[in-house]
Amino acid sequence: MATTQTPVSHVWPLGTVLDPEGVLQLGGCDARELAREFGTPAYVVAEDDLRTRARRFLAAFAERTDDFEVHFASKSFPATAVLRLFAEEGLACDVASGGELHLALNAGFDPAKVHLHGNAKSEAELQMALDARIGDIVVDNLDELEALQRLIPVGRRQRILLRIAPGVSPDTHHHISTGGPNTKFGFNPADAQVAIARAQASDKLDLDGLHFHIGSQILDLEPFRAALEVVAALGDFHTYNMGGGLGVAYTHEQSAPAIDDYVSRKVDLLREIVGPGKRIADEPGRALVAHSTVTLYTVQSVKHNVATWVAVDGGMSDNLRPMLYDARYEAMVVGRPNAGGTVAHLAGKHCESSDVLIHDVDLPDPRPGDVIAVPVTGAYGHAMANNYNGQPRPPIVFVSNGNARAVVRRETYEDLTRRDLDA
Ligand SMILES: Cc1ncc(COP(=O)(O)O)c(C=O)c1O
C-alpha cells in the first residue's frame, strides 16, 4: 500500500491531496468526515486557495503598474465569509445590485472601494449607493445617467464610469457573452458619445473613465485587444476598467491562462493602445473563487437503463450551471479515486429531466452511500442556489490546515416558511 499522499489535478483546490488510502483531503480535512459532520450536499471551500488567488492577482498587477484596482466580482460567490476574506486581502468589490451592496458593506469593504454595476438599477439602489458614498457608479444607459443626476443632492458630486458595449464577442457560451453588438449591457459606441458629453457637462458627475466586460469563462485573451481599441477611440480618460472574465479549467484535460498572463496582457494592451499613466481596474469573479470549492454529495440510488444513472442528494438547486450553459464538470467517488470504472450520468434529485450534473462521467463502481466530490463549484454555485422542490440550500464550510468550520449553515425546512405571513 502507498504510504505517501498523492497530488490531484490542477482543477482541485490548492493543497488538495489523496491520503495513502486514496481518500480526498481538502484543506487538510478528510472529505468523508466532512460529509459526516456537515451533511451533504455541502460546499467545501479551501480558504487558502481563495487567499492565494487574491494575492496572485494583486502581485501580478503590482509588478507591472502602481495604479490599479482589483475588484472581486461579488456575484460569483456572494457569501459574507468570502467577501470578508477578500476585503482582508485588500481587494475592492464589484456589486451588481442593492443586495450585493448590502453584503459588501456588511462584510467590511470600505465603501470607497466598492463600485455598483447593473443594467436596470432602481432609483432605490442608486440612492443606496449615494448614501453609502461608494467609489464609482458604473452607469449603463442614458436613463440611468438622468436619474442619477436627479438623485445627487445639489453641491455633491459622484464619480462614475460609463459601461461600454464594444461590439466584441469572445469565444464563450452565448449566455455569458456580454459585450457584443446586441447586448443588454452598456452603451453602444454611438450612445457612449452622447453619454460622455452629458456627463462631462454635468455639475454633479465626475466622469473618471470607461468600463467594458465582454463576457465570462474567456480562455482566449485576444478579444480584449479589439474591445479596448473600440473603447480607446471614445476619448482620453483616467481609468479603464476592462471587466473580469478570465476562464478556468473545469476538468483535468482543460487548461486556462494563468492569472499572471491575463494580467500582463491587459496591462500591456492598456499601455500600447491608450498610453502610459492610466489607472487599470479589473473585476475577476470566477478566476478568484471557482477552484476554491468542492461540492460533496451522497449517492442515493444507482439505476441501469440504457445508461447508468447515479442520483445524488443535490443537483440544479446547488449548481445550475450545467443546465444554464451546458457547463462540464468532473467528479470523484471519495475513497475510490481511480477513474475507468463505470461511465454514468450523475443526476440530481429534482423533478426535471435536465437536472443532470454531469453526463458520461467515470465513477468507479458507484454505490448508494458513496460520497461524490465535484470540484470547481466556487463560482456561480452558491450564487445561483435555489429552493426548487423545497430543497434547503447547502452550508458553506471553510477548511484550512486540518480545521473545518461552517460559515453559512444549511437551510432548514423552517427557513422555507419563514417569510410566510398570516393570512
Ligand atoms: C460587469 C461584470 N464584471 C465582472 C464579472 C465577473 O466575471 P467573471 O466571473 O467571468 O470573472 C461579470 C460577470 O458576469 C460582470 O458582468
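Each value, and the rule that gives it
- Residues numbered from 1 in each chain as written.
- Predicted model: local features only at pLDDT ≥ 70, side-chain atom pairs only at ≥ 80, totals over all residues.
- Helix = DSSP H or I, 4+ residues; strand = E, 2+ residues; numbered from the N terminus.
- Rg over C-alpha atoms; globule rule 2.2 N^0.38 Å.
- Buried ≥ 20, exposed ≤ 12 C-beta atoms within 10 Å, placed from the backbone.
- Domains from an automatic or database assignment.
- Contact = placed C-beta atoms within 7 Å.
- Near = placed C-beta within 6 Å.
- Nonpolar A, V, L, I, M, F, W, Y, C, P; charged D, E, K, R; others polar.
- Core = buried A, V, L, I, M, F, W, Y, C linked by C-beta atoms within 7 Å.
- Pairing = 2+ DSSP bridges.
- Axes fitted to C-alpha atoms, helices over the stretch in contact; angles between N-to-C directions.
- Right-handed = clockwise from strand over helix to strand, strands pointing away.

### A look at the overall build of the chain
Looking only at helices and strands, the chain has 12 helices and 21 strands in total. The C-alpha atoms of the chain give a radius of gyration of 23 Å, which matches the 22 Å a tight globule of 423 residues would have. With the C-alpha coordinates of the chain rotated into their principal frame, the extents come out at 70 × 60 × 40 Å. Per-residue burial for the chain yields a buried fraction of 47% across its 423 residues.

### Structural notes on the domain arrangement of the chain
Under the domain assignment, the chain is made up of domain 1 (6-46 + 290-417) and domain 2 (48-289). On the side of domain 2, 22 residues touch domain 1, which itself brings 30 residues to the contact. Counting residues per element, the side of domain 1 that touches domain 2 draws most heavily on strand 20 (residues 396-400), at three residues.

### Here's the deal with the site of the ligand
Surveying the vicinity of the ligand reveals 17 residues, the closest of which are Ala73, Ser216, Gly244, Gly285 and Arg286. Looking at the shell around the ligand residue by residue, the class counts come to five nonpolar, nine polar and three charged.

### Points about the nonpolar core
Counting 120 residues, the largest nonpolar core has Leu34, Leu162, Leu346, Ala373 and Val397 as its most contacted members. No other element matches the six residues that helix 9 (residues 259-273) contributes to this core. Taken domain by domain, the makeup of this core includes at least three residues from each of domain 1 (6-46 + 290-417) and domain 2 (48-289). Apart from residues no more than four positions distant in its own chain, Leu34 is found in contact with Leu26, Cys29, Ala42, Val44, Leu296, Val397 and Ala404.

### Observations regarding the sheet that holds strand 2 (residues 17-18)
Each strand in a sheet pairs with its neighbour through backbone hydrogen bonds, running either in the same direction (parallel) or in the opposite one (antiparallel). Read from one edge of the open sheet, four strands run 1-2-3-4, paired in antiparallel fashion. Bordering the open sheet on either side are strand 1 (6-7) and strand 4 (29-30), each of which pairs with just one other strand. In terms of strand pairing, strand 1 meets strand 2 through two bridges, oriented antiparallel. Bridging from a neighbouring strand, Pro7 pairs with Val17 of strand 2.

### Description of the sheet that holds strand 13 (residues 279-282)
In spatial order, the strands read 6-7-8-9-10-11-12-13; together these eight strands close into a barrel with parallel pairing. Each neighbouring strand pair of the sheet contributes to a mean axis angle of 30°, computed without reference to strand direction. Examined bridge by bridge, strand 12 (residues 239-241) and strand 13 share three bridges and lie parallel to one another. If you follow Thr239 over to strand 13, its bridge partner there is Arg279.

### Quick word on the pairing of strand 13
Of the strand pairs in this sheet, strand 6 (residues 68-73) and strand 13 are connected by three bridges, and their pairing is parallel. Bridging across to strand 13, Phe68 finds its partner in Ile280. Handedness of the crossover joining strand 12 and strand 13 through helix 9: right-handed.

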